[in-house]
Amino acid sequence: MNLEKYSIGIGDRFGREGVAQLRALEKASSHPRAPVPVWNKSFREHSLLGTTPDDVRVEADLAVREVGWKGAYYVDADHVGIRTVDGFLKASDFFTIDVADFIGAPAEEEAVASFVREMAPFVGLLRVPGLEPTYEVTPAALTKIGRHYANAVAEAGRIYRHIAAAKGENAFVVEVSTDEAADPQLPFELFFILGALAHERVPVQTIAPKFSGKFLKGIDYVGDTQQFEREFEADVLVIEHAKRVFGLPASLKVSVHTGSDKFSLYPAMRRALLRHDAGLHLKTAGTTWLEEVIGVALSGGEGLGVAKRIYSRAHARIDELCKPYATVVEIDRALLPAPLVVEGWSAEQFVRRLRHEPSCPDYSVHVRQLMHVAFKIAAEMGAEFRHALDAARETAGRCVTDNLFERHIRPLFVGS
Ligand SMILES: [Zn+2]
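Residues numbered from 1 in each chain as written. Predicted model: local features only at pLDDT ≥ 70, side-chain atom pairs only at ≥ 80, totals over all residues.

(A) Broad picture of the packing of helix 1 (residues 18–28) against helix 3 (residues 53–67). Between helix 1 and helix 3, whose axes approach to 9 Å, the crossing angle comes to 55°. With respect to helix 3, the axis of helix 1 lies oblique. Between helix 1 and helix 3 lies a crossing of right-handed hand. Between helix 1, through Gly18, Val19, Leu22, Arg23 and Glu26, and helix 3, the contact on the second element is made entirely by Glu59, Ala60, Leu62, Ala63, Val64, Glu66 and Val67. (Axes fitted to C-alpha atoms, helices over the stretch in contact; angles between N-to-C directions. Helix = DSSP H or I, 4+ residues; strand = E, 2+ residues; numbered from the N terminus. Parallel < 35°, antiparallel > 145°, perpendicular 65-115°, else oblique. Left-handed = near helix turned anticlockwise from the far one by under 90°. Contact = placed C-beta atoms within 7 Å.)

(B) View of helix 4 (residues 109–119). For helix 4, the full list of buried residues reads Val112, Phe115, Val116 and Met119. For helix 4, the angular spread of buried residues about the axis comes to 95°, placing them on one side. Structural note: helix 4 exposes Glu110 and Arg117 on the side pointing more than 90 degrees away from its buried face. Of the surrounding elements, those touching the buried residues of helix 4 are helix 5 (139–167) and helix 6 (187–199). (Buried ≥ 20, exposed ≤ 12 C-beta atoms within 10 Å, placed from the backbone. Arc of directions from axis to C-beta.)

(C) Representation of the environment of Glu233 within the structure. By secondary structure assignment, the location of Glu233 is in helix 7 (residues 225–246). Judged by C-beta crowding, with 21 C-beta atoms within 10 Å, Glu233 ranks as buried. On a C-alpha basis, the gap between Glu233 and Ala268 in space is 8.6 Å, while along the polypeptide they are 35 residues apart.

(D) Focus on the domain arrangement of the chain. For the chain, the assigned domains are domain 1 (6–105 + 146–285) and domain 2 (288–405). Centre-to-centre separation of domain 1 and domain 2, based on C-alpha positions: 27 Å. Listed per partner, the contact involves 26 residues of domain 1 and 24 residues of domain 2. For the side of domain 1 that touches domain 2, the elements supplying multiple residues, two or more each, are helix 1 and helix 2 (43–49). With 6 residues, helix 1 is the single largest residue contributor to the side of domain 1 that touches domain 2. Taken together, the residues that form the side of domain 1 that touches domain 2 break down as 11 nonpolar, 5 polar and 10 charged. (Domains from an automatic or database assignment. Nonpolar A, V, L, I, M, F, W, Y, C, P; charged D, E, K, R; others polar.)

(E) Up close: the sheet that holds strand 9 (residues 253–257). Strand order in the closed barrel formed by 8 strands is 1-2-3-4-7-8-9-10, and the pairing between neighbours is parallel. Between one strand and the next, the sheet's axes are offset by a mean angle of 25°, whatever the strand orientation. Examined bridge by bridge, strand 1 (residues 6–10) and strand 10 (residues 280–283) share 4 bridges and lie parallel to one another. In the sheet register, Tyr6 faces strand 10, and the bridge partner there is Leu280. (Pairing = 2+ DSSP bridges.)

What follows is the structure, given as structure tokens:
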């Protein structure tokens, strides 16, 4: 199963916007860089919501039928490990094998020695075509990389073989993710990680490294965009080189787990894709849910009240809601409006705080992040939220489609 050159991961917390999401992809479908959809949902999300991977499969299949989507599409078991993968085996045909926790774990000396032996032909000056800096590869440097990454690569192999035993070797797409590691991976480390994955016979098609800077949930990048561009471009070139050198799948490409809405990085990513004719998997997350809240707030009637109740309950339970996202949410509580203040807002005032319009003076990264993690409150509301969403069907669907197409697909893949 070969993943297309351009793909976009579209999370959907409540599994109700598959059609609206697909309409956004359809709008781009005649473009040469049109992405294919990958519905992704992690074990963490499923456990917070009480949903199952099979629900995502049903959503994707139904949406594809309803829209008449003719292209490829996938269902991603997002960030799985050996303990969580089994529940995804039936529904998924794309597996994001997360080995971040195994990075830096002390590796067996024998595994390190075997890695160093395997990579010994690269001792000397490593040149990556197109990349200015070169890298002095010494046995000591290889030992260091081996110690740091051998365990993670071995774990990826173990999980891959477990999935392949259940589904068959070529029946699914493999992504390996290290984006939730403590430190960014340097491009040359990425080269050797890919070499080790090839040696472990993991047919990796997308790799999600950790970049420098902050990738907070649902808001823009916090960091040096020029440094990001250098890193991203180096990773793209390293991947192209590693593909040829190690015989990895021709479809191998970089995957960027953005946590959504890294608008200020899209120009840099687009430049690198065009310059090197490289592929990309962009994994967005959670903003479909925020568009649902926006749609509910704008729909009139009970909607605005429901949206405000979600905010005020989230405000009261902020610690609990942020806990699973501790490293990727940064809210300044002093800048969160009190629920009593929000109570007095019109739908327009509410939406202006929430909607990701960087140029809008009312837009609040704090309100947006709080609402981002507040999906658990909506899940607990049950019928109350579902009815509000039903009543807001058309508005919410339009918000979801427009957001995905105008803010993500158009700037990054299509070009404005
Ligand atoms: Zn990730």
